[in-house]
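Listed below, chain by chain, are the residues.
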Amino acid sequence: MTNSAAIFIESNTTGSGADFILRARELGLVPIFVTASPERYGFLSRISNVELHTCDTFSESDVRAVIDSIATDMRIALLTTSSDFYLYTAALEARRRGLTGPDPNAIALCQDKERQATALRAAGIGVPHSATVRAECDISHAIKKIGLPAVAKPISGTGSIGVTFVDTETSAADALRKLLGTTNDVRGRPIQPGALLMSYVAGEEYSVEVLDSKIIGVTRKHLGPLPHFVEIGHDIPAPMLSRLRVKIEDEALRAIQVLRHVKGPAHVELRVGEDCVTIIEVNPRLAGGSIPTLFRYTTGFDPVLAVLRSLLGMSSLPLRGGAHGSIRFIVPAREGPFALPQCEHLVDRFGLAEFVLYHTPPIEFRRRNDFRDRIGHVIAVGDDPAAVARRAEAAVAFIRGA
């Protein structure tokens, strides 16, 4: 495998982006990072000897030209991305070069939330009722069809960006108009205006983490206050009765089979209310929100490494289990300067496994009502799930000055 390349087309900016590069190097590969904006990724300055190729990654032809130029100098062992925005491009290029990877058509189906919901519903899988809004004239019909309360969300997107709970006709119409007026995604790429209005599903939220149609684990998710859906914490393994766990896992596996996403990672988000499982959406990638890191702490299983091994045709690694872990995110209570307390002994004081800030102080906080509101996290691990969660929550409360 020496002098073989692992090509990454862009990345997520926090979480597993750096991990993919580091694990590729551990596997004896030469990591090559293809990006339009190297300055977007702070972790690149902290990782030595990463080969950078700059091009317009919005353009499939430009990406193709870079990959072909790399192939003239070295063998390409794998090609992937950890960013939602480039999953289809990476899958398409991997297939073109005869590399192992997910089906580009399955990626496209999963990423179009309207088509995804239609396919799952047709297969008898529980999903929220939904209506598509393409223009102003569709808004009134969508509200009448779905009813209230409901959730307005982009047809494609990530990180809870633009996802809003609505419980009046005025708030629903305002949220849908705002989505119709959005012509670029968070990275500035042009998108087709449109929105979904989906019925609101009450209940506890979970995600099922899957790789190559096999369950990695089930995560309990904690959200901030409505009307937004900012994820503020995760617990692994999700505390639940074994009967419910089996039901959740079976439904997640059914969903990815229907969507034909049988190769590669999947992050299946769902809600459980009154013993009824409703699939919210299937994301054809590893979980975000540092869930892979939480798995490493609690099971010894590294999902990032497992994805790379799968792409290389290597055997899967065993899950060990035993510990419980909680991650809680630091979200300031108000906009403006965020003053950190003295945190030198925070890890020891609260028995933490990890404390990370995503920004270098001083921090000027501006609320976005999505994943960008999280300025850092803490992780606690131990044998008692309730005690672990309390330690993580206490640490975040201390940091926020609560």
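Preceding block: the structure.
Note that the structure is a prediction, hence the values are computed from the model and not measured.

Rules and cut-offs
- Residues numbered from 1 in each chain as written.
- Predicted model: local features only at pLDDT ≥ 70, side-chain atom pairs only at ≥ 80, totals over all residues.
- Heavy atoms only, no water.
- Axes fitted to C-alpha atoms, helices over the stretch in contact; angles between N-to-C directions.
- Helix = DSSP H or I, 4+ residues; strand = E, 2+ residues; numbered from the N terminus.
- Parallel < 35°, antiparallel > 145°, perpendicular 65-115°, else oblique.
- Left-handed = near helix turned anticlockwise from the far one by under 90°.
- Contact = heavy atoms within 4.5 Å.
- Nonpolar A, V, L, I, M, F, W, Y, C, P; charged D, E, K, R; others polar.
- 1 Å grid on protein atoms, 1.4 Å probe; cavity = no way out; pocket = protein on both sides within 12 Å on 5 of 7 lines; lining within 4 Å.
- Points joined across faces, edges and corners; volume = space filled by probe spheres on them.
- Pairing = 2+ DSSP bridges.

Right, let's talk about the packing of helix α1 (residues 17–26) against helix α10 (residues 303–311) for a bit. One can describe the packing of α1 onto α10 by two numbers: an axis separation of 9 Å at closest approach and a directional angle of 55°. Classed by the angle they form, the pair α1 and α10 counts as oblique. As α1 runs across α10, the sense of the crossing is right-handed. Taking contact as the criterion, the partners of D19, F20, R23 and A24 in α1 are, on α10, V304, L305, V307 and L308. Looking at side-chain class alone, the contact of α1 with α10 contains 6 nonpolar, no polar and 2 charged residues.

Under the counting rule described, the total for this entry stands at 4 cavities of 30 Å³ or more. Around the largest cavity sit K113, Q116, A117, L120, V127, K153, M198, I279, I280 and E281, which together line it. No other element matches helix α5 (residues 113–122), which puts 4 residues into the lining of the largest cavity. Here the residues of the lining of the largest cavity sort into 6 nonpolar, 1 polar and 3 charged.

This next bit is on the sheet that holds strand β7 (residues 164–166). Taken in spatial order, the 4 strands line up as β5-β8-β6-β7 in an open sheet, and their pairing is antiparallel. Each having just a single partner strand, β5 (130–133) and β7 make up the two edges of the open sheet. Geometrically, the sheet is characterised by an average inter-axis angle of 25° between neighbouring strands, direction not taken into account. Taken together, the 5 bridges between strand β6 (residues 150–154) and strand β8 (residues 195–199) define a ladder with antiparallel strand orientation. Counterpart to K153 in the pairing with β8 is L196. Here helix α7 (residues 169–180) sits on the sheet in contact with β5, β6, β7 and β8, set at roughly 5° to β6.

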